[in-house]
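Examination of the molecular architecture
If you want the building blocks of each chain, they are given just below.
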Amino acid sequence: MKMIVTGGAGFIGSNFVQYEVKNHPEDEIINLDLLTYAGNLESVKPVENAPNYRFVRGDIADREFIFRLFEEEKPDVIVNFAAESHVDRSITDPEIFVRTNVVGTTTLLDACRKYGIKRYHQVSTDEVYGDLPLDRPDLFFTEETPLHTSSPYSSAKASADLFVMAYHRTYGLPVTISRCSNNYGPYHFPEKLIPLVISRALNDEEIPVYGKGENVRDWLYVTDHCSAIDLVVRKGREGEVYNIGGHNERTNLDVVKTILKALNKPESLIKYVTDRPGHDLRYAMDPTKIETELGWKPEYTFDTGIPVTIQWYLDNKEWWEHIVNGEYTKYFDNMYGKRLENA
Ligand code: NAD
Ligand code: DAU
């Protein structure tokens, strides 16, 4: 089988490429990535010389390029991770989110229609369901929860999901969608909460916590997401959505304090800053469908995944120091400079 993984130089995509290359030596894996600020070939270094792996640089929203690639490669399966993925960036610059997440997805879908495909898989997110109230711990997102988005990021992801399902119903395209909760683990770009806290705490720098830090996220170790997608792509039913999550809900403040404690750093590093506009309160997934139908089970809990993640950042300082000392310093100043001054 020939599989194109888009966004395979990003956080989850690079973990997935490594997972597929190692677990399916009989398959050919093509990593297609534009290498935006979030893409990094260092993240696929462990497999770069594997005989069943290749990298191609390109833009999923470039129709001419995508159609040419499909004509040449005739792939069997597409797994689409490529996206703009950071909610805060979508608030300051929504347009690129429409281009990459919506136009990029429809371009891939059109190429699949033209050249034929055994499976198109869309990597989606729990954020398409909106948020849950903090005082109703009994509520969870199921696959039937209506789409109800908050940010430009989640709206673009939900739009893409609607197109994927429309191409299934209208043209009979063999598609699946998975919607996962917050991931963490190796190769996570340090603009996101967990790697931001680890990298800044290690440098004894202030940690910005939005609002009161009471928002809740449902954390999943990244390789558990990879094993779930692998199952959906190979065994999931066409036209179906599968929710992925491991019931690891934590408030942001809990997450930050857990990391500071593990690194033996003081809580005085925490600075409460102006909240994210439209900030979703709580995400919590019900993964019953993927567990019962496909037999998926996560390997890690939050308590076992966090120490492994922290150790990875300690062992791979070069990977993240290179990022936080580059262009990222400008991003950080724009996003946090004033908020930290006023904290
Ligand atoms: P990321 O930002 O780390 O990686 C995105 C990758 O896509 C980068 O390598 C980037 O270079 C590439 N890319 C961007 N625009 C492109 C384009 N036009 N053409 C080709 N490649 C392009 O993102 P991530 O956190 O790894 O998320 C991957 C996917 O998983 C996204 O679709 C995201 O919505 C979804 N998701 C993420 C999480 C999470 O917690 N991070 C949870 C659920 C779902
Ligand atoms: O739920 C899945 C989603 O998880 C994915 O679809 C997104 O691509 C991914 O970025 C992530 O979105 P979040 O907005 O939940 O992740 P982030 O790491 O940006 O923030 C996690 C929580 O921490 C959120 O409530 C905001 C808060 N936060 C974040 C940052 C970066 C802070 O308090 N301070 C910060 O500096």
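The present account deals with the structure reproduced in this document. Note that the structure is predicted; figures quoted are calculated from it, not measured.

Moving on, we come to the side chain of arginine 179. When you line up the elements, arginine 179 lands in strand β6 (residues 175-180). In terms of polar contacts, arginine 179 uses its side chain to reach the side chain of tyrosine 129, at 3.0 Å. Separated by 2.9 Å, the side chains of arginine 179 and aspartate 161 make a polar contact.

Contact geometry for helix α2 (residues 63-73) and helix α4 (residues 95-115): axes closest at 10 Å, N-to-C directions at 35°. For α2 against α4, the interelement crossing comes out right-handed. In this structure, α2 uses Arg63, Ile66, Phe67, Phe70 and Glu71 to contact α4, whose residues at the interface are Thr106, Thr107, Leu108, Asp110, Ala111, Cys112, Lys114 and Tyr115. For the contact of α2 with α4, a count of residues per class yields seven nonpolar, two polar and four charged.

This part is about the site of ligand 2. Neighbouring residues of ligand 2: 23 residues in total, closest Asp126, Tyr153, Asn182, Arg276 and His279. One of the backbone N or O atoms of leucine 193 is found 2.8 Å from an oxygen atom in ligand 2. In isolation ligand 2 offers 690 Å² of accessible surface; the protein chains occlude 94% of this area. Listing elements by their share of the shell around ligand 2, those giving two or more residues are α6 (193-202) and β8 (207-210). By residue number, the principal contributor to the shell around ligand 2 is β8, which donates three residues.

Applying the stated criterion across every chain yields a total of 21 aromatic pairs. Relative to tyrosine 328, the ring of phenylalanine 189 lies with its centre 6.0 Å away and its plane at 70°, an arrangement referred to as edge-to-face. Of this pair, phenylalanine 189 sits in the loop between β7 (183-184) and α6 while tyrosine 328 sits in helix α12 (residues 328-341), and the two are 139 residues apart along the sequence. Residues tryptophan 312 and tyrosine 313 carry aromatic rings whose centres are separated by 4.9 Å and whose planes lie at 75° to one another, so their mutual orientation is edge-to-face. Clustering of aromatic rings is evident, with ring pairs tying together Tyr37, Phe189, Tyr210, Tyr328, Tyr331, Phe332 and Tyr336. Over the face of the ring belonging to tyrosine 171 we find arginine 113, whose NZ or CZ atom lies 3.6 Å from the ring centre. Positioned above the aromatic ring of tyrosine 242, the side-chain terminus of lysine 289 is 4.7 Å from the ring centre.

Conventions used here
- Here the residue numbering is sequential within each chain, running from 1 through the sequence in written order.
- As they are written, the chains are lettered A onward and the ligands numbered 1 onward, keeping that order.
- Where totals are concerned, whole chains, interfaces and linings use all residues; where local detail is concerned, this predicted model gives features only for residues with pLDDT of at least 70, and gives and counts side-chain atom pairs only at 80 or more.
- The basis for every side-chain value is the complete set of non-hydrogen atoms in the structure, without hydrogens or water.
- Secondary structure elements are defined from DSSP: runs of H or I of at least 4 residues count as helices, runs of E of at least 2 residues count as strands, and each element is numbered from the N terminus.
- We define a polar contact as two N or O atoms separated by no more than 3.5 Å, with the added condition that, inside protein, one atom must be a possible hydrogen donor and the other a possible acceptor, whereas residues neighbouring each other in sequence contribute only through side-chain atom pairs.
- Angular values range over 0 to 180 degrees, each being the angle between N-to-C directions of two axes fitted as lines to C-alpha atoms, with helices fitted over their stretch in contact.
- The handedness criterion is simple: a crossing whose near helix is rotated anticlockwise from the far helix by less than a right angle is left-handed, and one whose near helix is rotated clockwise is right-handed.
- The criterion used for residue contact is that any of the two residues' heavy atoms lie within 4.5 Å.
- All amino acids are sorted into three groups, where Ala, Val, Leu, Ile, Met, Phe, Trp, Tyr, Cys and Pro are nonpolar, Asp, Glu, Lys and Arg are charged, and the leftover types, Gly among them, are polar.
- To be near a molecule or strand, a residue needs just one of its heavy atoms within 4 Å of it.
- Computed with a 1.4 Å probe, the accessible areas rest on the Shrake-Rupley method; for each residue, only the protein chains presented here act as cover.
- Stacked, edge-to-face and tilted are the three classes for Phe, Tyr and Trp ring pairs, Trp counted by its six-membered ring, which pair at centre distances within 6.5 Å; planes under 30 degrees apart are stacked, over 60 edge-to-face, the rest tilted.
- Two conditions define a charge sitting above a ring: the NZ of Lys or the CZ of Arg must be within 6 Å of the ring centre, and it must be within 35 degrees of the ring normal.

In short, geometric facts, not functional conclusions.
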